[in-house]
Amino acid sequence: MDVKEYIINLGFTFDIETYGCQMNAHDSEKIAGILTSIGYRPSAEKYEADLVIFNTCCVRENAENKIFGNVGKMKQIKQKNKNLIVGVCGCMMQQNGVAEHLYQMFPFVDLIFGTTNMQKLPEMLYEILIEKKRSLHICQEGVAAEEVVMLRTPPPIASVNIMQGCDNFCTYCIVPYVRGREHSRSIDAVVREVEQLMGEGYKEVMLLGQNVNSYGKGLENSDFPKLLDAVAKTGIERIRFMTSHPKDASMLMLEQIAKHKNICKQLHLPVQAGSTRILQEMNRKYTREQYLKLVEQIRSLIPEIFLSTDVLVGFPGETEQDFEQTISLMQTVKFDAAFTFVYSPRKGTKAALMQNQIPEEVKQQRIIQVVELQAEHTYQSNLKNVGKVEKVLIEGKSTKNSQTICGRTDGGKMVNLPGSINLLGKMVTVEITEAKKTTLIGRIVN
Ligand code: SF4
């Protein structure tokens, strides 16, 4: 029997619960696209779906614990609905032994697949629906699906994968082990996708990859500045990208950002720590001084740049002096925004084996300091916007007030403003009237 015919006849629906980063969210758009192509429809109600897939993340320990808890809850739901298919996929399934463990511990999970196996979903569902078997497909090699029809979030903003995997092996990070080595799509393929998105009404693209600015390895005559140039020339209204590695942030890349109006003046440049000794232990391949010099270069070439970062506290062996260096680097740079994290050992990484792990209470004291300092810097950065006139791309209704709509400035700051949802997807001119702790308030001007 044809599995598509079977799915359509029974009117099956699906739901995907996504954890982790934007790459994972984008993978879920691909999975949704594959499921739609074989007859599934998105479910209006999560627990009424005939297929529930958990797209997992293993970068942070707390996400992992939450995932196990939420998958476990499906046991009861499945007792009420015997035909329900429960699936688990994503980075966590690529970790040594996790998929097998889950397969044995959770017999109600029917479908398990890794990051490079989603193309096989129709075959896996055939095994489950027609052959009445459980399906487990984990492959350590290969590349995740790239040229698939996706079920994306509606316009105006779309994610476009430009590369996947990572060759850097930062000692705290699990990504290279679960996402494999770097693999870049061709410039032509990326440009084609952006042009198609423009035709579908998308106004902004986010170019995604674990290390976007090392894009192009293994391709001829291709690097990240060339890709930026080619995407900018499509004429799409806005281009953003993440994540960049400071060691790969070249002058050529900065020149492209400065040159093209449609490349947003926003750069996420994870520093992680302010102490060169800790950066070396992390295998980040830059020093404190090199990072600070890079920030100076960026700000002199692109003075309006919105600069954000990641800060990781409590890395093994981080002394009080090392931590003070992180604080002083933050005070020097005054980032416009930062994602702040407490180090937690990830099994399989080098740092997890380091002897000098930091006590939990010390990590907590440090993260509080970092969060408070960044909150102050974010607010100061927001205050600088008051009185300015900005282009804002309207993304939807504000979450807190149904009378207001929201969108981002070129630099990526969220602005809430009075207005009609009919403006969704429009670029409007907005005067910033007030700064809140994390967002801005504005009003439309002609
Ligand atoms: S650059 Fe480092 S932190 Fe980023 S994904 Fe690669 S290994 Fe992980």
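Conventions used here
Residues numbered from 1 in each chain as written. Predicted model: local features only at pLDDT ≥ 70, side-chain atom pairs only at ≥ 80, totals over all residues. Heavy atoms only, no water. Salt bridge = Lys/Arg side-chain N within 4 Å of Asp/Glu carboxyl O. Helix = DSSP H or I, 4+ residues; strand = E, 2+ residues; numbered from the N terminus. Buried < 20%, exposed > 50% of the residue type's maximum accessible area, 1.4 Å probe, protein only. Axes fitted to C-alpha atoms, helices over the stretch in contact; angles between N-to-C directions. Parallel < 35°, antiparallel > 145°, perpendicular 65-115°, else oblique. Left-handed = near helix turned anticlockwise from the far one by under 90°. Contact = heavy atoms within 4.5 Å. Nonpolar A, V, L, I, M, F, W, Y, C, P; charged D, E, K, R; others polar. Pairing = 2+ DSSP bridges. Domains from an automatic or database assignment. Buried area = accessible area lost by both parts, 1.4 Å probe. Polar contact = N/O pair within 3.5 Å; in protein donor to acceptor, adjacent residues only side chain to side chain.

A.B. asks: Before we move on, could you go through the pattern of salt bridges and cite the residues and values that matter?
C.D. replies: A full pass over the atoms with the stated rule returns 22 salt bridges. Across the pair aspartate 322 and arginine 277 runs a salt bridge, and its minimum N-O distance is 2.6 Å. Placement of aspartate 322 in helix H12 (residues 320-333) and of arginine 277 in helix H10 (residues 276-281) is noted, with a sequence separation of 45 residues between them. Close ionic contact of arginine 366 with glutamate 318 constitutes a salt bridge, the shortest N to O distance being 2.8 Å. One end of the pair, arginine 366, is in helix H13 (residues 360-383); the other, glutamate 318, is in the loop between strand E13 (306-313) and H12, with 48 residues separating them in the sequence. As far as burial versus exposure is concerned, arginine 366 and glutamate 318 are alike and both buried.

A.B. asks: Explain the packing of helix H7 (residues 187-199) against helix H8 (residues 224-232) residue by residue, including any values.
C.D. replies: Packing of H7 against H8 brings their axes to within 10 Å, and their N-to-C directions diverge by 30°. If you check the angle between H7 and H8, you find them roughly parallel. Once H7 is placed against H8, the crossing between them reads as right-handed. The residues of H8 that touch H7, namely those facing Ile187, Val190, Val191 and Val194, are Lys226, Leu227, Ala230 and Val231. Partitioned by chemical class, the residues of the contact of H7 with H8 number seven nonpolar, no polar and one charged.

A.B. asks: Give a description of the pairing of strand E15 (residues 389-397) that names residues and reports values.
C.D. replies: Note: E15 against strand E18 (residues 427-435), five bridges, orientation antiparallel. Following the sheet pairing, leucine 393 is matched in E18 by methionine 427. For E15 and strand E16 (residues 404-408), the ladder comprises four bridges, and the chain directions are antiparallel. The partner of isoleucine 394 across the bridge, within E16, is glycine 407. The turn linking E15 back onto E16 is made up of six residues.

A.B. asks: Requested: an account of the domain arrangement of the protein, with residues and values cited.
C.D. replies: The assigned domain composition of the protein is domain 1 (3-137), domain 2 (157-383) and domain 3 (389-444). On a C-alpha basis, the centres of domain 1 and domain 2 stand 30 Å from each other. Facing 15 residues of domain 1, the contacting portion of domain 2 comprises 18 residues. Buried surface at the junction of domain 1 and domain 2, summed over both partners, amounts to about 1500 Å²; 51% is from carbon and sulfur atoms. Our count for the contact surface shared by domain 1 and domain 2 stands at one salt bridge. Here arginine 179 ties to aspartate 27 by a salt bridge, and the two come within 2.9 Å at their closest N and O atoms. Summed over the shared surface of domain 1 and domain 2, the number is six residue pairs in polar contact (both at pLDDT 80 or more). Broken down by secondary-structure element, the contributors of at least two residues to the side of domain 1 that touches domain 2 are helix H2 (22-37) and helix H3 (61-80).

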